[in-house]
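Chain residues, written in single-letter form:
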Amino acid sequence: MTKKSRFRGGIHQTNGFDKELTANKDIITFVPDVVTISMKQGLGPACNCVVKDGDIVEQGQLIGEAKHFLSATVHASVTGKVLEVTDSYCKIQVHQCSLPDKDSDYNTRLIDISHFSKNEIIDKIEQAGIVGMGGAGFPAHVKYRTKSAITTLLINAVECEPYLTCDEHIILEYGYSLINGALLLKKASGAVKAYICIEDNKPHCIEKLKHLLSNVNDNIEVLSLATCYPQGGEKQLIYASMGVEVPSGKLPADVGAIVSNVQTAKAVADMVLGKIPSVSRCITITGDVTKPANYLVPVGTNIGELVAKCGGVRSKDNKVILGGPMTGRCIGRSVSSEEILDNVSKVSGGLIVLEGKFYDETACIKCEECVHACPIGLNPTRIDFAIRNNDLGLCESLDATECIACGCCSFVCPAQRELTYHTVKARDAVKAKQREEANSGKQSI
């Protein structure tokens with residue numbers, strides 16, 4: 001089944017943005033000597049660490065208790081000795097670590113899941129601390145405990161972000177884990193139909209998935225979508241695959257849909273079928289490094305160490321981005337691998353080193369390319385102007401709260417203006433203002 005993308009705006013990245021750097025390389029497993037595990041792995045506040053310095057912990061052991069419904073529990077990603085505990089992280093000396101095996105039973109065949117109930121699956125998802133591993137970090141158990149009637153489950157295998165190929169390799173190397181996880185999520189959601197959504201620029205992945213699904217009779221199929229960024233955006237994916245628009249202020253569940261990333265689906269299979277909590281993930285290290293690669297690593301692995309394993313940064317004139325180049329966060333310029341101090345979290349999709357000079361922004365030329373590219377239909381240049389002048393009222397009237405931070409506006413801007421940064425700043429400021437007003441109203445009642 002093939003449908004063409006119908007969401008407005010977006011951009012067509014014709015050159016693939018160097019996905020080929022890692023597209024044909026198998027996943028490398030790597031276990032470091034020390035992991036530093038953040039106590040904040042979801043959208044909510046950091047978890048309370050329940051271990052102390054000197055403790056010996058086992059891989060999969062609970063080390064962080066979630067005290068907020070948007071937080072996700074944290075588990076030891078390795079077996080080892082706790083070296084240091086703070087309010088924000090737990091550092092562990094690694095004694096042993098077992099990463100999910102390609103030869104595991106649930107990655108070599110379809111598993112009968114008929115004996116698992118909907119609630120049992122969701123409970124295990126919560127126990128595992130599974131979040132949206134496509135980058136959102138929303139606790140999966142909260143999403144699947146919705147009271148809305150779900151008709152359609154969408155497994156997001158689009159990976160439209162340039163450079164990144166970690167999800168692509170999960171499909172190719174952990175295909176049955178993904179399929180088994182998708183079937184578990186379909187049961188957890190109560191959906192009638194499930195689609196594994198993927199762009200048509202990955203024909204090898206499409207054929208692989210179709211082959212694995214050839215003997216599955218459970219209303220799940222591959223949905224090939226036209227290549228267009230940000231096809232993997234939640235609302236854009238729903239519109240492209242279902243022809244349904246998620247209204248402003250509403251959630252996918254309000255239109256009968258749930259969206260989960262392929263690595264989230266794999267994590268569900270790891271927990272429910274392999275009894276392994278969410279303690280590892282695949283991450284792409286690419287760009288201006290000597291040997292770009294995809295790594296399967298325990299959560300808490302230092303990313304600079306992975307860059308060093310890739311041969312290190314090649315150019316001193318660089319920009320290092322944590323995540324994808326469109327939605328990621330710049331963590332430094334002109335840095336070496338030793339200066340990259342960030343650690344792998346459950347939502348770390350990649351680290352990209354970009355080479356070259358980066359130019360300062362100039363005045364807006366009023367070309368409105370950002371308006372045409374915005375998949376939400378916003379006017380980024382007007383929001384940019386409003387937030388620079390601290391006019392939150394104007395930002396609110398311009399619907400800044402609807403920004404999905406896809407980066408399309410900055411990408412197409414010939415003046416090199418930081419439109420995404422300022423639109424996100426406006427979005428967050430308006431939301432904070434709205435929360436403050438709502439709380440103030442509650443207190444006055």
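Located above this text is the structure these notes cover.
Since the structure is predicted, the reported quantities are computational estimates derived from the model, not experimental observations. (Residues numbered from 1 in each chain as written. Predicted model: local features only at pLDDT ≥ 70, side-chain atom pairs only at ≥ 80, totals over all residues. Heavy atoms only, no water.)

1. Brief notes about the pattern of salt bridges
Here is step 1: Per the stated rule, a full pass over the model turns up 20 salt bridges.
Here is step 2: Put simply, Arg109 and Asp105 hold a salt bridge, and the shortest N to O gap is 2.8 Å.
Here is step 3: Judged by relative accessible area, Arg109 falls into the partly exposed class, the value being 41%.
Here is step 4: By relative accessible area, which is 40% here, Asp105 ends up partly exposed.
Here is step 5: With a shortest N-O distance of 3.1 Å, Glu437 and Lys433 are connected by a salt bridge. Taken together, the residues Glu437 and Lys433, both in helix α14 (residues 419–444) and 4 residues apart, mark about one turn of the helix.
Here is step 6: Residue classification places Lys433 among the partly exposed residues on the basis of a relative accessible area of 25%.
Here is step 7: Here the salt bridges share partners, and the residues they tie into one network are Glu361, Asp384, Arg388 and Arg417. (Salt bridge = Lys/Arg side-chain N within 4 Å of Asp/Glu carboxyl O. Buried < 20%, exposed > 50% of the residue type's maximum accessible area, 1.4 Å probe, protein only. Helix = DSSP H or I, 4+ residues; strand = E, 2+ residues; numbered from the N terminus.)

2. A word on the side chain of Asn318
Here is step 1: For Asn318, the location among the structural elements is in strand β16 (residues 318–322).
Here is step 2: There is a polar contact of 3.1 Å between the side chain of Asn318 and the backbone oxygen of Val335. (Polar contact = N/O pair within 3.5 Å; in protein donor to acceptor, adjacent residues only side chain to side chain.)

3. Side note on the packing of aromatic side chains
Here is step 1: If you walk through the whole model with that rule in mind, you get 0 aromatic pairs.
Here is step 2: Cation over ring: Lys266 sits above Tyr174, and NZ or CZ is 4.9 Å from the ring centre. (Phe/Tyr/Trp six-rings, centres within 6.5 Å; stacked < 30°, edge-to-face > 60°. Lys NZ or Arg CZ within 6 Å of the ring centre and 35° of its normal.)

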